[in-house]
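Next come the chains, spelled out residue by residue.
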Amino acid sequence: MADCIFCAIVAGEIPGDVVHESAGVIAFRDISPSAPTHVLVVTREHFRNVAEVAVADPSLVGEIAAVAGAVAAAEGVGDDWRLVFNTGAGAGQTVFHVHGHVLGGRPLRSLG
Ligand code: 5GP
Ligand code: ZN
């Protein structure tokens, strides 16, 4: 999709610090990390958010989760990590190409 920064990273048009790849997704480090491990798991195809990809291709949501788990294991954060999909500007989404944030390596406050 034109003017999408994550499509440009997927296409190799701008650099990304890629840590994991699978058929449907790539994972690269967030440019502005908010935890010692902060990796974005991004679909190769452009979808606006996690709800849109779930409707279009539910298996791809599973692939995002599986790659998130592989990244967490590779990063050595044990069983203590978080997978976050900000959805909508009011919830903090700034890049409108679906991505899961894998966060770990520090204590993470309960959301409750
Ligand atoms: P959102 O706020 O949409 O949930 O998350 C977008 C994330 O993408 C932010 O954490 C931001 O730091 C990250 N980000 C924005 N532009 C780039 C970029 O060009 N490269 C990388 N690696 N991360 C980016
Ligand atoms: Zn895109």
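What counts and how
Residues numbered from 1 in each chain as written. Chains lettered and ligands numbered in written order. Predicted model: local features only at pLDDT ≥ 70, side-chain atom pairs only at ≥ 80, totals over all residues. Heavy atoms only, no water. Core = buried A, V, L, I, M, F, W, Y, C linked by side-chain atoms within 4.5 Å. Buried < 20%, exposed > 50% of the residue type's maximum accessible area, 1.4 Å probe, protein only. Contact = heavy atoms within 4.5 Å. Phe/Tyr/Trp six-rings, centres within 6.5 Å; stacked < 30°, edge-to-face > 60°. Helix = DSSP H or I, 4+ residues; strand = E, 2+ residues; numbered from the N terminus. Expected span 1.5 Å × (residues − 1). Arc of directions from axis to C-beta. Donors = N, O, S within 2.8 Å, 3.2 Å for Na, K, Ca; no water.

## Side note on the nonpolar core
One finds Val25, Ala27, Val41, Val67, Val71 and Val102 to be the most contacted residues of the largest nonpolar core, which totals 13 residues. Contacts of valine 41, omitting those with residues within four sequence positions, involve Val25, Ile26, Ala27, Ile64, Val67, Ala68, Val98, His99, Gly100 and Val102.

## Details of the packing of aromatic side chains
Applying the stated rule across the entire model yields one aromatic pair. Arranged with centres 5.4 Å apart and planes meeting at 75 degrees, the rings of phenylalanine 6 and phenylalanine 28 form a pair that is edge-to-face. Remark: phenylalanine 28 occurs in strand β2 (residues 25-29) and phenylalanine 6 occurs in helix α1 (residues 5-10); sequence separation between them is 22 residues.

## Digging into helix α3 (residues 58-75)
Two residues of an α-helix separated by three or four positions point the same way, owing to the 3.6 residues in each turn. The terminal C-alpha atoms of α3, which comprises 18 residues, lie 26 Å apart, in line with the 26 Å expected from a rise of 1.5 Å per residue. Three or more residues of α3 are buried, namely Leu60, Ile64, Val67, Ala68, Val71 and Ala72. Angular distribution of buried residues about the axis of α3 spans 140 degrees; they occupy a single face of the element. Residues of α3 that are exposed and angled more than 90 degrees away from the buried face: Pro58, Ser59, Ala66 and Ala73. Where α3 is buried, its residues meet β1 (18-21), β2, β3 (37-43), α2 (50-56), β4 (81-84) and β5 (99-104). Within two residues after α3, glycine 76 carries a phi angle of roughly 75 degrees, on the positive side.

## Some points on the coordination of the zinc ion (ligand 2)
On the protein side, the zinc ion (ligand 2) has Cys4 (SG), Cys7 (SG), His46 (ND1) and His97 (ND1) as donor atoms, found 2.1 to 2.3 Å from it. Between consecutive donors of the zinc ion (ligand 2), the numbers of intervening residues give the motif C-x2-C-x38-H-x50-H. Taken together, the positions of cysteine 7 in helix α1 and histidine 46 in the loop between β3 and α2 put the pair 39 residues apart, joining distant regions of the chain. Assessed through its relative accessible area of 13%, cysteine 7 is described here as buried. For histidine 46, a relative accessible area of 23% corresponds to the partly exposed category.

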